[in-house]
Amino acid sequence: MTSPVWHPFTQHGLNEPIPHVVRAEGALLHLADGGTLIDAISSWWVTTHGHCHPRIAAAIAAQAGQLDQLIFAGYTHAPAEDVARGLIDLAPHAPDQPSLAHVFYSDSGSTAVEVALKMALGYWHNRALDGLGDARSRILVLDHSYHGDTIGTMSIGERGVYNAAWTPLLFDVGTIPFPAPGQEQACLDALDAACREKPAAFVVEPLILGAGGMLVYPPAILREMAAICRRHDVLFIADEVMTGWGRTGTLFACEQAGVVPDIMAAAKGITGGAIPLAVTLATAPIFEAHRSTDRARLFYHSSSYTANAIACAAAAANLAIWREEDVLGRIAMLANGIATRLADLAQHSAFANPRKLGTIAAIDLIAPDAGYLSDLAPRLRAFFLERGILLRPLGNSIYLMPPYCLDETQLDHIFAALIAAGDRFGVKA
């Protein structure tokens, strides 16, 4: 029977196999046909401690029997309050920068960034109403960036085939060149010049651009980007949806640069990957610009499931794991294992441009058909699937972003498959 399900990022006309997963545990996905897959990309970068983590699963079950859903406009509940306080404690801090002080809930990474954009524009709009300056609306972004699939987040992301159909809906942005090796100063100079024109905000994926090809840049550049924005009174927005929750080696990537953003979006691993939830954190000035006795100036954004109690209970359990267990120790061990194997893989003549940050690793397969829409990525996906591994290459860029419970045997199996892929598909020097 043909399934009625319409899958994301799937061209159903190609009739590619769609594995049926029946359960998951740790780093393994168990299939209906009895096979297993190593989840080497954390099921789209969300699973951190492992699938069906007992503490998170127990918290979800307990909350489901007590309070499942509550309108969050004018009401509250303990899980949301606890998670908000926990996030403020764990968020990036620096003695010379205002702290993130307020938490706004939503339900996905895209909406968390969309909320960030609306907060930034609302901040400048309301300041103008108070006679504190001009309303600002222009947004600056890094070249090759990706921030989501809603209209606002598509507008601030890289333009291409994946959003061409919706071009009439997208607004114009200022694009800053990516700080590739040797081009760092050009990036900073371009940002400084653009900030002199008084934009509303600069949005950045800190330290690594995800869907743009796992492009890495150093903390010193992120720190200088934030400093330029501060000098010109431009809001600095950090999209930590992918980079947060330990992926880069620290809880949040901004920590490595000593940066506290004015607004920060987080999602994916906030519940350990168990259930959807997202947050947008803001400093006190952002919040105060919206607080008023005038109801017309409230922050007009919500969804029906804002701060869903079950999702918040999962997030609270995740925060407890971070507080009480040596998660960073597990991350360091996994990162070291990946680094050693990646260095060996880089010696293979079919691979180039190895890069790594925390538990994220990527390498480019040298192949004649390396474009985003070539058939290389689907062939690689099928190749890895045959070997019991879930991977989704970005064109010819193969990346890993596994859960932190991945063991040495599983890591060896993944890298053996990468070597085999190089032998099969790569162009030999």
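Residues numbered from 1 in each chain as written. Predicted model: local features only at pLDDT ≥ 70, side-chain atom pairs only at ≥ 80, totals over all residues. Heavy atoms only, no water.

Enquirer: Explanation requested: the pattern of salt bridges in the structure shown.
Expert: Scanning the entire structure with this criterion turns up 16 salt bridges. Its salt-bridge partner being arginine 379, residue aspartate 375 comes within 3.4 Å of it at the nearest N-O pair. The partly exposed category is assigned to aspartate 375, whose relative accessible area is 45%. On the basis of relative accessibility, which here comes to 33%, the residue arginine 379 falls in the partly exposed class. A single network of salt bridges, built from pairs that share partners, joins Arg55, Glu324, Glu325 and Arg330. (Salt bridge = Lys/Arg side-chain N within 4 Å of Asp/Glu carboxyl O. Buried < 20%, exposed > 50% of the residue type's maximum accessible area, 1.4 Å probe, protein only.)

Enquirer: What's the story with the nonpolar core in this structure? I'm lost.
Expert: Side chains of a nonpolar character, in soluble globular proteins, are inclined to be buried together. One finds Leu142, Phe202, Met214, Met225 and Phe384 to be the most contacted residues of the largest nonpolar core, which totals 100 residues. For this core, the leading source of residues is helix α9 (residues 309-324), giving eight residues. One finds Phe104, Tyr123, Val141 and Ile156 within the second-largest nonpolar core, a separate group that totals 28 residues. (Core = buried A, V, L, I, M, F, W, Y, C linked by side-chain atoms within 4.5 Å. Helix = DSSP H or I, 4+ residues; strand = E, 2+ residues; numbered from the N terminus.)

Enquirer: Looking at this model, I keep getting lost on unusual backbone geometry. Mind explaining?
Expert: One non-glycine residue, tryptophan 44, adopts positive backbone phi at about 70°. The phi dihedral of tryptophan 245 falls on the positive side, at around 65°, and the residue is not glycine. Take tryptophan 245: it is sitting in the loop between β10 (235-239) and β11 (263-266).

Enquirer: Help me out: how do you make sense of the packing of aromatic side chains in this one?
Expert: Between two aromatic rings, the relevant description is the distance of the centres plus the angle of the planes. Enumeration according to the criterion identifies eleven aromatic pairs in this entry. Where tryptophan 45 meets tyrosine 399, the ring centres are 5.9 Å apart and the plane angle is 85°; that geometry is what we call edge-to-face. Taken as a pair, tryptophan 45 in helix α1 (residues 42-45) and tyrosine 399 in strand β16 (residues 397-400) lie far apart in primary sequence, 354 residues in all. For the pair formed by tryptophan 45 and tyrosine 399, the shared burial category is buried. Through a chain of ring-to-ring contacts, three or more aromatic side chains come together here, namely Trp245, Phe252 and Trp322. Above the face of the tryptophan 124 ring, arginine 136 is positioned so that its terminal group lies 3.9 Å from the ring centre. (Phe/Tyr/Trp six-rings, centres within 6.5 Å; stacked < 30°, edge-to-face > 60°. Lys NZ or Arg CZ within 6 Å of the ring centre and 35° of its normal.)

Enquirer: What should I look at first to understand the UniProt feature "binding site: substrate" (unreviewed entry) in the protein in this one?
Expert: Per the UniProt record, the feature "binding site: substrate" (unreviewed entry) sits at Trp44, Tyr146, Lys268, Ser302 and Arg392. Taken together, the annotated residues stretch across 349 residues and extend over separate regions, lying up to 32.3 Å apart by C-alpha. Position of tyrosine 146 among the secondary structure elements: in the loop between β5 (139-142) and α5 (151-155). There is a polar contact of 3.0 Å between the side chain of tyrosine 146 and the side chain of aspartate 149. In this fold, lysine 268 is placed in the loop between β11 and β12 (278-283). Judged by its relative accessible area of 25%, lysine 268 is partly exposed. In contact with lysine 268, other than residues within four places in its own chain, are Trp44, Trp45, Val46, Val241, Met242, Gly273 and Leu277. (UniProt positions renumbered as here; feature names shortened; annotations may be inferred. Polar contact = N/O pair within 3.5 Å; in protein donor to acceptor, adjacent residues only side chain to side chain. Contact = heavy atoms within 4.5 Å.)

Enquirer: It is not clear to me how helix α11 (residues 376-386) should be interpreted in this structure. Could you clarify?
Expert: An α-helical turn contains 3.6 residues, so any two residues separated by three or four positions project in the same direction. Among the residues making up α11, those that are buried are Leu376, Ala377, Leu380, Phe383 and Phe384. End-on view of α11: buried residues confined to an arc of 120°, all on one side of the axis. The inward-facing, buried residues of α11 abut β14 (360-365), β15 (389-390), β16 and α12 (408-425). Phi turns positive one or two residues past the end of α11, at glycine 388, with a value near 75°. (Arc of directions from axis to C-beta.)

Enquirer: Can you walk me through the pairing of β11 in this structure?
Expert: Each regular strand carries side chains that alternate between the two faces of the sheet. Here β11 shows two buried faces, one formed by Ile263 and Ala265 and the other by Met264 and Ala266. Both β10 and β11 contribute to a ladder of three bridges, which runs parallel. Within the sheet, the bridge partner assigned to isoleucine 237 lies in β11 and is isoleucine 263. Bridge count for β11 against β12 is four bridges, and the pairing is antiparallel. Bridge assignment links alanine 266 to a residue of β12, and that residue is valine 279. (Pairing = 2+ DSSP bridges.)

Enquirer: Explain the environment of leucine 142 to me, please; I cannot follow it from the model alone.
Expert: Inspection of the secondary structure assignment puts leucine 142 in strand β5. Look at leucine 142 and you get buried, because its relative accessible area is 2%. In this structure the C-alpha to C-alpha distance between leucine 142 and cysteine 187, which are 45 residues apart in sequence, comes to 8.9 Å.

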